[in-house]
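Residue-level structural notes
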Amino acid sequence: MKKLFESIYNWKRGGLSKSLVVCMVILTSTSLVWGESHSFENEEIIGTSMSVKFECSSDTLATDTYAKVLKEVERLRKIYDYRLPDSELSLLVKKSRGQYLPVSRELLSVLKLGKAGYKKREGRDNDCGEQVVTVWKKAESTKHLPSYEEIKAVVKRAESIAKAVMIDEKNMKVAVPSGANIDLDSLAKGAIIDDLITGMGKFRGVKGAVVNIGGDVRVGDDQNGTMVSVKDTEGNEVSKLTLKNRAIATSGGKYRYYTIAGKKYSHLIDMQSGRPVNTHRTVSVISKTAAFADMLATILSCYSTAEAIRFTESIPHTECLIVDASNPRQVSSGWSAFERSKPTSNSIFGGTVNKVNIAWRQNDSTRGKRFHRHYTVVWIEDKQGGKVRDLL
């Protein structure tokens with residue numbers, strides 16, 4: 001069974017031009033103890049994609065649940081997304097001009113996390129650093145590296161703006177200086193995941209929620225445990241985890257970069273120096289919330305391996321894995337505990353499977369232009385051919 005799933009996963013990851021639809025038929029098995037698993041995907045959530053998986057008793061309940069999820073995502077996007085001119089963040093930046101304005105609980109929480117993180121990490125990451133990013137985007141378009149003086153000036157400006165953002169937590173008010181550009185995408189992505197997991201945990205008849213936005217994943221606390229594979233930039237598995245009530249985020253610059261004069265520069269910018277980070281290939285962080293895991297993964301990318309692990313060790317309930325050119329795997333002291341743990345139920349079927357029959361069919365994904373990319377679907381059917389639950 002393990003080899004089967006590895007093969008299916010490899011098909012899904014491979015560069016196939018056609019879709020693979022895979023059906024697993026269980027000929028004889030004991031009764032199932034899980035509800036039916038449902039998964040949904042959306043390609044446009046805060047500039048990235050989202051997938052949501054959960055278990056419930058019917059397709060109707062699943063559809064209603066996902067409709068609630070999308071409604072909540074849209075509500076949160078209107079708070080955090082700087083691309084929307086009428087988002088709460090955009091209006092705050094436009095209208096504040098150094099004066100305190102009332103903000104929502106959600107925006108206050110994310111700004112507070114960013115502010116606290118900025119102080120603790122000595123400016124290595126900065127939500128007010130959009131000016132620095134703009135310099136590198138301009139350099140890519142002009143094909144000329146920014147000068148030392150240009151970088152120094154824009155870093156100084158970003159630092160002064162970050163320090164000038166003031167938060168009155170008691171009265172739920174925030175003051176933003178004039179000329180600020182605040183990009184909360186990284187923190188907001190995690191905050192949305194956390195909000196969805198918390199909300200879905202309260203939905204009647206829904207359990208086992210797993211939310212993935214742009215590669216950041218959080219597993220709900222009512223899960224038996226979800227297996228998560230961590231791979232390096234070459235696709236090699238470096239860790240296999242079992243997560244429950246935890247989030248994991250990975251930061252790396254191989255697939256997102258600026259190309260200037262034929263050379264690639266990571267999209268991750270050390271806001272202390274104003275220059276792209278190339279210290280590590282990938283940094284993965286396990287923590288209790290997706291927002292914190294995402295933020296910390298970005299921060300650790302700016303540190304040496306020893307500094308990153310030492311910093312992580314100082315934070316409760318948080319672990320990290322670092323993969324760089326000199327060492328394929330370096331972890332904090334508690335990482336291996338998540339590798340040793342196993343899901344509560346050893347069988348995904350909740351019973352004994354006596355015989356498995358595999359059948360597949362291949363569809364042309366370009367016919368009728370219905371599909372944007374190849375995909376794999378795996379499900380279980382009973383003896384009568386009725387669908388029991390989705391697996392993949």
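Rules behind the numbers
- Residues numbered from 1 in each chain as written.
- Predicted model: local features only at pLDDT ≥ 70, side-chain atom pairs only at ≥ 80, totals over all residues.
- Heavy atoms only, no water.
- Pairing = 2+ DSSP bridges.
- Helix = DSSP H or I, 4+ residues; strand = E, 2+ residues; numbered from the N terminus.
- Axes fitted to C-alpha atoms, helices over the stretch in contact; angles between N-to-C directions.
- Core = buried A, V, L, I, M, F, W, Y, C linked by side-chain atoms within 4.5 Å.
- Buried < 20%, exposed > 50% of the residue type's maximum accessible area, 1.4 Å probe, protein only.
- Contact = heavy atoms within 4.5 Å.
- Arc of directions from axis to C-beta.
- Left-handed = near helix turned anticlockwise from the far one by under 90°.
- Nonpolar A, V, L, I, M, F, W, Y, C, P; charged D, E, K, R; others polar.
- Expected span 1.5 Å × (residues − 1).
- Phe/Tyr/Trp six-rings, centres within 6.5 Å; stacked < 30°, edge-to-face > 60°.
- Lys NZ or Arg CZ within 6 Å of the ring centre and 35° of its normal.
- Parallel < 35°, antiparallel > 145°, perpendicular 65-115°, else oblique.

**Examining the sheet that holds strand β5 (residues 166-168)**
Taken together, 3 strands build an open sheet; the order of strands is β4-β6-β5 and the sheet is antiparallel. Strands at the two margins of the open sheet, each flanked by one partner only, are β4 (100-102) and β5. Averaged over all pairs of adjacent strands, the angle between their axes in this sheet comes to 25 degrees, without regard to strand direction. Judged from the 3 bridges that link them, β4 and strand β6 (residues 173-175) form a sheet pairing that is antiparallel.

**Structural notes on the nonpolar core**
One recurring pattern in soluble globular proteins: nonpolar side chains tend to sit buried together. Membership of the largest hydrophobic core comes to 57 residues, with the highest contact counts inside it found for Met50, Tyr80, Leu107 and Leu300. Counting residues per element, this core draws most heavily on helix α7 (residues 185-200), at 8 residues. Excluding its chain neighbours within four sequence positions, the residues that come into contact with Tyr80 are Leu89, Glu106, Leu107, Val110, Leu184, Ala188, Ala191 and Ile192.

**Digging into the sheet that holds strand β7 (residues 207-213)**
Strands pair in a sheet through their backbones, by hydrogen bonds, and they do so in one of two ways: parallel or antiparallel. Pairing in this open sheet of 8 strands is antiparallel, and the strands run β2-β3-β7-β8-β11-β16-β17-β18 from one edge to the other. Single-partner strands in this sheet number two, and they are β2 (36-45) and β18 (330-331). Here strand β16 (residues 282-287) pairs with strand β17 (residues 319-323) via 5 bridges, running antiparallel. Counterpart to Val283 in the pairing with β17 is Ile322.

**Focus: helix α3 (residues 88-95)**
For α3, every residue scored as buried is listed here: Leu89, Ser90, Leu92 and Val93. The arc enclosing the buried residues of α3, seen along the axis, measures out at 160 degrees, which places them on a common side. Phi turns positive one or two residues past the end of α3, at Arg97, with a value near 50 degrees.

**So, the pairing of strand β8 (residues 216-219)**
The two faces of β8 match: Asp216 and Arg218 on one face and Val217 and Val219 on the other face are all buried. The sheet contact formed by β7 and β8 spans 4 bridges and is antiparallel. Within the sheet, the bridge partner assigned to Ile213 lies in β8 and is Asp216. Where β7 folds back on β8, the antiparallel hairpin that results is connected by 2 residues, among which Gly214 adopts a positive phi of roughly 60 degrees. Of the pairings in the sheet, the one linking β8 to strand β11 (residues 246-252) comprises 3 bridges and is antiparallel in character.

**Description of the packing of helix α2 (residues 59-80) against α7**
In the contact formed by α2 and α7, the axes pass within 10 Å of each other and the chain directions differ by 145 degrees. When you trace α2 past α7, the crossing you get is right-handed. Note on element contacts: α7 touches α2 through Ala188, Ala191, Ile192, Asp195, Leu196 and Met200, opposite Thr65, Val69, Glu72, Val73, Arg75, Leu76 and Tyr80. Residues of the contact of α2 with α7, tallied by class, amount to 9 nonpolar, 1 polar and 3 charged.

**Some thoughts on α2**
With 22 residues, α2 extends 31 Å from end C-alpha to end C-alpha; this agrees with the ideal 32 Å at 1.5 Å per step. All of the buried residues along α2 are Ala62, Thr65, Tyr66, Val69, Glu72, Val73, Leu76, Ile79 and Tyr80. One face of α2 carries all of its buried residues, which in axial projection span an arc of 125 degrees. Exposed residues on α2 whose side chains face more than 90 degrees from its buried face are Thr60, Lys68 and Lys71.

**Quick look at the packing of aromatic side chains**
If you walk through the whole model with that rule in mind, you get 3 aromatic pairs. Seen in terms of ring centroids, Phe40 and Phe54 are 5.9 Å apart; in terms of plane orientation they differ by 15 degrees. Their pairing is stacked. Here Phe54 lies in strand β3 (residues 48-56) and Phe40 lies in strand β2, a separation of 14 residues in the sequence. For Phe54, a relative accessible area of 1% puts it in the buried group. Both rings, one in Phe40 and one in Tyr66, keep their centres 4.3 Å apart while their planes meet at 10 degrees; by these two values the pair is stacked. Of this pair, Phe40 sits in strand β2 while Tyr66 is found in helix α2, placing the two residues 26 residues apart along the sequence. Under the relative-accessibility criterion, Tyr66 is labelled buried at 9%. Pairwise contacts between aromatic rings join Phe40, Phe54 and Tyr66 into one cluster. Above the plane of the ring of Phe203 lies Lys68, whose end atom (NZ or CZ) is 5.2 Å from the centre.

**A word on the packing of α7 against helix α8 (residues 290-300)**
Between α7 and α8, the least distance of the axes is 7 Å, while the angle of their chain directions is 155 degrees. Relative to α8, the element α7 is oriented roughly antiparallel. As α7 packs across α8, the resulting crossing turns out to be right-handed. When α7 is examined against α8, the residues Ser186, Leu187, Lys189, Gly190, Ala191, Ile193 and Asp194 are found in contact with a partner set consisting of Ala290, Ala291, Asp294, Met295 and Thr298.

This is a description of form; function is not addressed.
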